[in-house]
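Observations on the three-dimensional arrangement
As a plain string of letters, each chain reads:
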Amino acid sequence: MATPISTIPKIRDALRATFRSGVTRPIKWRQHQLYQLARMAQNERELICDALKKDLGKPKTEVLMAEVGCVVERALKSAEQLPEWAKTEYPEVADWQKPWKPALYKAPRGTALIISPWNYPMILTFQPLIGAIAAGCTAVLKPSELVPTFSQLLDEIVPKYFDPNTYRVVNGAVPETSKLLELQWDHIFYTGSGRIARVIATAAAKHLTPLVLELGGKSPVIIDSAYDIDLAAKRILWGKCNNAGQICVAPDYVLVQRDKQDELIKAFQKHYDSFFPEGALDSPLFGSIVSDLHHKRLTSLLSRTKGQVVLRGRSDAARKRLEPTIVKDVAEGDSLLEEEIFGPILPIVPVDSLKQAIDFVNARSHPLVLYAFSDNENVKQQLVAETQSGGIMFNDTFQHVAVKELPFAGVGESGCEILLHLRM
Ligand code: NAD
């Protein structure tokens, strides 16, 4: 159920009042909220799994591993590390400045607005919240209307673990989000598409609100012809099948040496058969497409491709199911290269050299991730030096998101951080 629009300004005001009261400042209080979040994820996991099964057909193992487990782990880790993060720092300064004792206090920004998408709705809502809690901010959570059962569940469970005047869910679609965006916030954290990011950034600019934009785009895969093609195929297919390809870091298209294309296709077929011996259409291990609209979008991309479909995934529009589909000989200008695929379709673009693959990637917007399969150190260094992306991962697909010691962000069209440093 959508939050009544007339209540939204009052919710924001209540959160600001709580922030100004100073209640969110003590480290012990913040640690307690982080433990509450871990408790919530742990205690309510069955309801969360059921909701995501209903909204996205998401397999339970995927939810426990990539949504619930990550939230628990990150909340606990943040609670443990918080005293260190929040410590006042005393920078080394020149001798003549030492008597001033310059200090760097870590201050919370205030009240944050967190807007999240539907594809990993748990981790993408609560990971930014972990940051807000740790920093000592209050926050509104605006989950996606495309996962209605999950969003409704949040509305019910969040108040059981948090004071509604500190952390609060606002549900709804464009009208409710537009109302939220009319108001002034102290920080906005948006995860979603570049198209809507422009709406968010425009609204934030009106109030000079600092914001983080976590976006997506087409993450390419480059396969060095000397690499083990069978192993590359297995790992790429695994990456593409997670959440039915609806993940910001899904491998979007593959660039492979022309004479290796057929070997790669054979390997995809072999691994597909071992992942889904009965096919993926009815497999409980394979997710559904989020909406009829996205199902239509994907089948329309496929109907317009000039490439050759070599692994034909069956489609069931009524159940929003689409099996993994592989298309070979895809070339510049093809429908499958128009936009982020965000579904289980994998185009293969044959190239004649590594240089051509690099040029192909560089002719497009900076990807969120560049995947490359190569054992050759020189090739790896060349890719690091000659391409630009949010991250680069060798010889596997998106395992890097599990390494919490590494930062995760995009660059340019795949995401950015807009901070304001105004000096008088
Ligand atoms: P979505 O449609 O659920 O939209 C995201 C949020 O924006 C929702 O909360 C929605 O209510 C809000 N929204 C939609 N239209 C709006 C409007 N006109 N005005 C204000 N708010 C509006 O999700 P999506 O955009 O389809 O998400 C998929 C995209 O997100 C993909 O591009 C994917 O790559 C990207 N993504 C990025 C990351 C990351 O961490 N970088 C993670 C997941 C998804």
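A brief look at the structure comes next. (Residues numbered from 1 in each chain as written. Predicted model: local features only at pLDDT ≥ 70, side-chain atom pairs only at ≥ 80, totals over all residues. Heavy atoms only, no water.)

1. Topic: the pairing of strand 7 (residues 251-257)
Taken across its seven residues, strand 7 has six buried, putting it largely inside the fold. In the sheet, strand 6 (residues 219-223) pairs with strand 7 via five bridges, with the strands oriented parallel. Note on strand 7: the bridge partner recorded for P220 is Y253. What joins strand 6 to strand 7 is helix 9 (residues 229-241), and the crossover it makes is right-handed. Relative to strand 12 (residues 345-351), strand 7 is paired through four bridges, and the arrangement is parallel. (Buried < 20%, exposed > 50% of the residue type's maximum accessible area, 1.4 Å probe, protein only. Helix = DSSP H or I, 4+ residues; strand = E, 2+ residues; numbered from the N terminus. Pairing = 2+ DSSP bridges. Right-handed = clockwise from strand over helix to strand, strands pointing away.)

2. Quick look at the environment of L211
Inspection of the secondary structure assignment puts L211 in strand 5 (residues 211-214). Judged by relative accessible area, which is 2%, L211 ranks as buried. Along the chain, L211 and V23 lie 188 residues apart, while their C-alpha atoms are 24 Å from each other. Setting aside chain neighbours within four positions, we find L211 in contact with H187, I188, I200, A201, A204, C416, E417 and I418. (Contact = heavy atoms within 4.5 Å.)

3. Here we look at the pattern of salt bridges
In this structure the tally under the stated criterion is 25 salt bridges. Between K87 and E84 there is a salt bridge, and its shortest N-O distance comes to 3.3 Å. Overall, the relative accessible area of 52% leaves E84 in the exposed class. Of the charged contacts, one joins D352 and R258 as a salt bridge, the two residues approaching to 2.9 Å between their closest N and O atoms. Separated by 94 residues along the polypeptide, D352 in the loop between strand 12 and helix 12 (354-362) and R258 in the loop between strand 7 and helix 10 (261-275) bring together distant segments of the chain. Classification of D352 by relative accessible area gives partly exposed; the value is 47%. Under the relative-accessibility criterion, R258 is labelled partly exposed at 42%. In this structure, a network of salt bridges that share partners links the residues E92, D95 and K98. (Salt bridge = Lys/Arg side-chain N within 4 Å of Asp/Glu carboxyl O.)

4. Quick notes on helix 1 (residues 8-21)
Here helix 1 contains 14 residues, and its C-alpha end-to-end distance of 20 Å stays within 8% of the 20 Å for a straight helix at 1.5 Å per residue. Every buried residue of helix 1 is accounted for by I8, I11, R12, L15, R16, T18 and F19. Projection of helix 1 onto a plane perpendicular to its axis shows the buried side chains occupying an angular sector of 160 degrees, all on one side. Along helix 1, the residues that are exposed and aim more than 90 degrees away from the buried face are K10, R20 and S21. Contacts made by the buried residues of helix 1 are with strand 1 (111-115), strand 2 (138-142), strand 3 (167-169) and helix 7 (174-182). Positioned one or two residues after helix 1, G22 has a phi angle of 90 degrees, which is positive. (Expected span 1.5 Å × (residues − 1). Arc of directions from axis to C-beta.)

5. Let's talk about the side chain of E214
Tracing the backbone shows E214 in strand 5. With near-sequence residues (within four places) excluded, E214 lies in contact with F189, Y190, T191, G192, F408, A409, G410 and S414.

6. Things to note about the packing of aromatic side chains
The tally for this structure, following the rule as stated, stands at ten aromatic pairs. On the numbers, 5.7 Å between centres and 65 degrees between planes, the contact of Y253 with F360 is edge-to-face. A residue pair is termed long-range when its members are at least 10 positions apart, and Y253 in strand 7 and F360 in helix 12 qualify at 107 residues. A residue is classified by how much of its surface remains accessible, and Y253, at 2% relative accessible area, is buried. Relative accessible area serves as the criterion here: at 10%, F360 is assigned to the buried category. Consider the rings of F275 and F276, whose centres lie 6.2 Å apart with planes at 85 degrees: the pair is edge-to-face. (Phe/Tyr/Trp six-rings, centres within 6.5 Å; stacked < 30°, edge-to-face > 60°.)

7. What about the site of the ligand?
In the vicinity of the ligand, 28 residues are found, and the nearest of them are K142, S144, E145, L215 and E340. Within the side chain of K142, an N or O atom sits 2.8 Å from an oxygen atom of the ligand. For the ligand, the protein covers 90% of the area, taking 850 Å² as the surface of the free molecule. Looking at the shell around the ligand, the elements that each hand over two or more residues are helix 7, strand 4 (187-191) and helix 8 (194-206). Element by element, the count of residues in the shell around the ligand is highest for helix 7, at three residues. In the shell around the ligand, the residues fall into 16 nonpolar, eight polar and four charged. (Near = heavy atom within 4 Å. Polar contact = N/O pair within 3.5 Å; in protein donor to acceptor, adjacent residues only side chain to side chain. Areas by Shrake-Rupley, 256 points an atom, 1.4 Å probe, with all protein chains shown as cover. Nonpolar A, V, L, I, M, F, W, Y, C, P; charged D, E, K, R; others polar.)

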